[in-house]
Amino acid sequence: MANIIIVEDDINLATIYKQKLTEGGHSVTVVSDSEAVKQILAAKPNLVLLDILMPNVSGLDILREVKADPMGSAIPVILLTNVAEDVSIAKGLQYGAYGYLLKSETTPDQVLSRVNMALEETVPAAP
Amino acid sequence: MDFTTLSLGLVTIIGTLAGIAGYFLMRRKFERELENGRAGQVELAQKAYETAVLKEIGDRIGYSLDGAKIVEIVSGSLGKLLPYSAVSYIILDSKENKVRFACNVSETVSANFVREVKTKMLAAVSEMNQEPLTDTGVDEAISGAILDDTLTDKVASFFNLPVIISGKLVGLINVSSKLPGQYGEKNTEVLYRIAKQASEAVSRLQEVLENEKGKLAQAVDSLSDGLLMVDTKYQLAIINHKLKSLLGVGDKPEIFDIVNALSGQLDLRTKMEEAISRGEASVLEINFKEKTLQVFADRVMDRENTKPIGVVVLFHDITDARALERLKSDFTSMMVHELRAPLTSIKSSVEILKPEGQKSENTKKYLGIIDSTSQIMLELVNDLLDVAKLESGKFDIVAASDDLGAVIKERAESFEPVAAAKSLKITVDIEEGLPQGYFDKIRTKQVLNNLLSNAVKYSESGAITVSAKKEVVNGSAVDILVSVADTGIGIDAEDIPKLFSRFGQLAAGRKAGATKSSGLGLFIAKGIVEGQGGKIWCQSQGAGSGSTFYFTVPIAKVEKRTARETPIVFSTKKVAQA
């Protein structure tokens, strides 16, 4: 039972992920890219699913800002992308992302198990 | 452009010389013959001999290349036409800035005699050139009979024949004799006429050559590609306007200017040397001042195609073409990503609905259809992306040392369910002690997926055998040879070459009702196998008798036990459009 924030501009996918994670017993909020940093730092979720390619703000910029903040540095962030060889993935991992998922290759079930794995491995954020 | 040889001109001289001389001499012979019966017969013989000599001159000079040679040959043969004690020539070599004097003595004379001849010749040259010419610095070569300094003969008669080409004095031929009156008008008149005719002919020919040069220069200058040509000494022979402006060199550049302009991007000197010695045209791409240029270098052979006379280098601007290709490839990539998002949503939605969907047969069935068709589309999109990458040279292979046998076993196992569904048996045969291979695991799995899926698709019964063994060439193991053999519908020999092209799916396969696929699988497999440094091919006895697909994987050179290697990334070269 964790608090999860999803930052994803594709409404359909966001809906699907929210559905799956909710079924998995978590509490899920979907936020827009422009509000993401603010909302993440305010809510301090247990995990963030972060899309890289978004219209207003780049996922990598959001990641860096969150990680730079003492409030956000401990939150595990899983990057979402459609391109396996994207250099952004490597950059994201350097900026402190926990890992990444290829949206087109990952079923909702697999997303849930990945999220659960990450939650087990990391210390939950202080309430 | 600079043509330094006048071979055409000289062939004409000689042709003219021989022809005209022959004619005059024959006519003279006739006249004389009429005058005097018996004397005439002797004359006849003499003149026939002379004609033969002149013809010989013509033949020999046909192969000669420059004014100096001409002078040598003519003087050598002139001696046969006229009586002399010594025949000599002076050659004015303007290329090497030298004066050469050669003298052939037919009967013993004193050294003074020879010196006198030389002085008289130098005086004649000085007068003709309006420029004094001294004895110093003149190369001298004397041959023939021995000189005897006790003799005191003087030069009693002599005759100078100037050789003038295009208004320039090229050389002077001389015959001298101890005896007086040897070279009267009758003897020598014809020779003056020959010399005059010959030099006029050559001058006219030079005009024609200049014209042709001009036309060639115009043609070369109107080329839209940059062009340069050097001779065997790497001196610049031709450079056109386009190349001068491309490189930003001045109007009359030297070869160093060009090499410098290109340095850092292209080692022009080495490329030219390779072209001359290897005789293979080389092509490469360079980036120069924000342009992309294709450079062709090839050697130029002489007319008989026996030896190289220079190198021609062509510079072709492909900047725009490359930009267009990049645009196309970026567009394809963008479309691929745009397609993936909605397809992912479709598939994921189906996933979410599955539990509910089991409740109704209808829902279950149609959810299944949505699932499998959207999966097919996703795979098609993946294939398209791979093809775009192969064609733009951005297809990366990340190879490392790994256990190919294990990968094959794992893939074969994963196909067992589908094979069993068609009552097909899959057998795996990995050679004992198979060495480590050097390959990209993910991509090689992709190749195996494609071959296994094809084997299952196109077989109705029987067995599929996958095997791997060492390939030994000249005593050492070089590759691992993998084969996937089926007992399916087979492939006609004429269709095999098309298999690995972009449009490889054969009509026969489609008829067998196989699930629709992109037909790109084998094309991509080929890109992967070749990118890893291997080969892929197919054998089949024809329709109805099964097929076997082979591919090779290089053997890893370093044992896994030693320090962990950094995997090497191969970028495949641009794959030719198939």
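Residue positions within a chain follow its written sequence, with the count starting from 1. Chain letters and ligand numbers both follow the written order, the letters beginning at A and the numbers at 1. A pLDDT threshold of at least 70 governs which residues receive local features in this predicted model, and a stricter bar of 80 or more applies before side-chain atom pairs are shown or counted, although totals over entire chains, interfaces and linings include all residues.

Draft legend 1. Expanded view of the overall build of chain B. Helix and strand assignments follow DSSP, with helices taken as H or I runs no shorter than four residues and strands as E runs no shorter than two, numbered in order from the N terminus. Scanning chain B for helices and strands turns up 15 helices and 18 strands. Going through the 578 residues of chain B one by one, you find that 29% of them count as buried. We call two residues in contact if the C-beta atoms placed from their backbones are at most 7 Å apart. Of the contacts made within chain B by residues no fewer than 6 positions apart, 65% connect residues no fewer than 24 positions apart. To assign burial, the other C-beta atoms lying within 10 Å of each residue's own C-beta are counted, with C-beta atoms placed from the backbone; 20 or more indicates buried, 12 or fewer indicates exposed, and intermediate counts indicate partly exposed.

Draft legend 2. Fine view of the packing of helix α3 (residues 59–68) of chain A against helix α4 (residues 87–95) of chain A. Residues and elements named next belong to chain A. Note on geometry: axes are C-alpha line fits, over the in-contact stretch for helices, and angles between N-to-C directions span 0 to 180 degrees. At a minimum axis distance of 10 Å, the contact between α3 and α4 shows a crossing angle of 5 degrees. Regarding the angle of α3 to α4, the classification is roughly parallel. Only S88, K91, G92 and Y95 of α4 make contact with α3, whose side of the interface consists of L60, L63, R64 and K67. Gly is put with the polar residues, along with every residue not named as nonpolar or charged; the nonpolar set is Ala, Val, Leu, Ile, Met, Phe, Trp, Tyr, Cys and Pro, and the charged set is Asp, Glu, Lys and Arg. For the contact of α3 with α4, the residue count by class is 3 nonpolar, 2 polar and 3 charged. An angle counts as roughly parallel when it lies under 35 degrees, as roughly antiparallel when it exceeds 145, as roughly perpendicular when it falls between 65 and 115, and as oblique in every other case.

Draft legend 3. Fine view of the interface of chain B and chain A. In this complex, chain B contributes 12 residues to the contact, which on the side of chain A involves 14 residues. Among the elements that line the side of chain B that touches chain A, the one with the most residues is helix α9 (residues 319–357) of chain B, at 10 residues. Partitioning the side of chain B that touches chain A into residue classes produces 4 nonpolar, 5 polar and 3 charged.

Draft legend 4. Structural view of the pairing of strand β5 (residues 168–177) of chain B. Residues and elements named next belong to chain B. Across the 10 residues that make up β5, a large majority, 8, are buried. Here, strands pair whenever DSSP counts at least two bridges between them. With 6 bridges joining them, strand β1 (residues 86–93) and β5 adopt antiparallel strand pairing. The residue of β5 that forms the bridge with V87 is V175.

Draft legend 5. Summary view of the packing of helix α1 (residues 11–23) of chain A against helix α5 (residues 108–121) of chain A. All names here are of chain A. Running from amino to carboxyl end, α1 crosses α5 at an angle of 60 degrees, the nearest separation of the two axes being 9 Å. Judged by the inter-axis angle, α1 sits oblique to α5. Crossing angle aside, the handedness with which α1 passes α5 is right-handed. For the pair α1 and α5, the contacting residues are I16, Y17, K20 and L21 in the first and P108, V111, L112 and V115 in the second. Partitioned by chemical class, the residues of the contact of α1 with α5 number 7 nonpolar, no polar and 1 charged. When the near helix sits turned anticlockwise from the far one by under a right angle, the crossing is termed left-handed; a clockwise turn instead gives a right-handed crossing.

Draft legend 6. Main features of the sheet that holds strand β2 (residues 27–31) of chain A. All names here are of chain A. The 5 strands lie next to each other as β2-β1-β3-β4-β5, forming an open sheet whose pairing is parallel. Two strands close off the open sheet at either side, each with one partner strand: β2 and β5 (99–102). Adjacent strand axes in the sheet meet at a mean angle of 20 degrees when their direction is disregarded. Here 5 bridges tie strand β1 (residues 3–7) to β2, and the two strands are oriented parallel to one another. Residue pairing in the sheet places V7 in a bridge with V31 of β2. Its contacts with the sheet place helix α2 (residues 36–43) against β1, β2 and β3 (47–51), and it is angled at close to 175 degrees to β1. Seen against the sheet, α4 touches β4 (77–81) and β5 and runs at an angle of roughly 175 degrees to β4.

Draft legend 7. Here's a closer look at the sheet that holds strand β17 (residues 547–554) of chain B. All names here are of chain B. Taking strand neighbours across the sheet as the criterion, the 5 strands line up as β12-β14-β15-β17-β16 in an open arrangement whose pairing is mixed. Strand pairing shows two members of the sheet lacking a second neighbour, β12 (425–430) and β16 (536–540), which therefore form its edges. Sheet twist, expressed as the mean angle between neighbouring strand axes with direction ignored, is 20 degrees. When strand β14 (residues 463–473) meets strand β15 (residues 476–486), the two strands line up antiparallel, connected through 9 bridges. The partner of K470 across the bridge, within β15, is I480. Along the sheet face, helix α11 (residues 404–414) touches β12, β14, β15 and β17 and points at about 175 degrees away from the line of β12.

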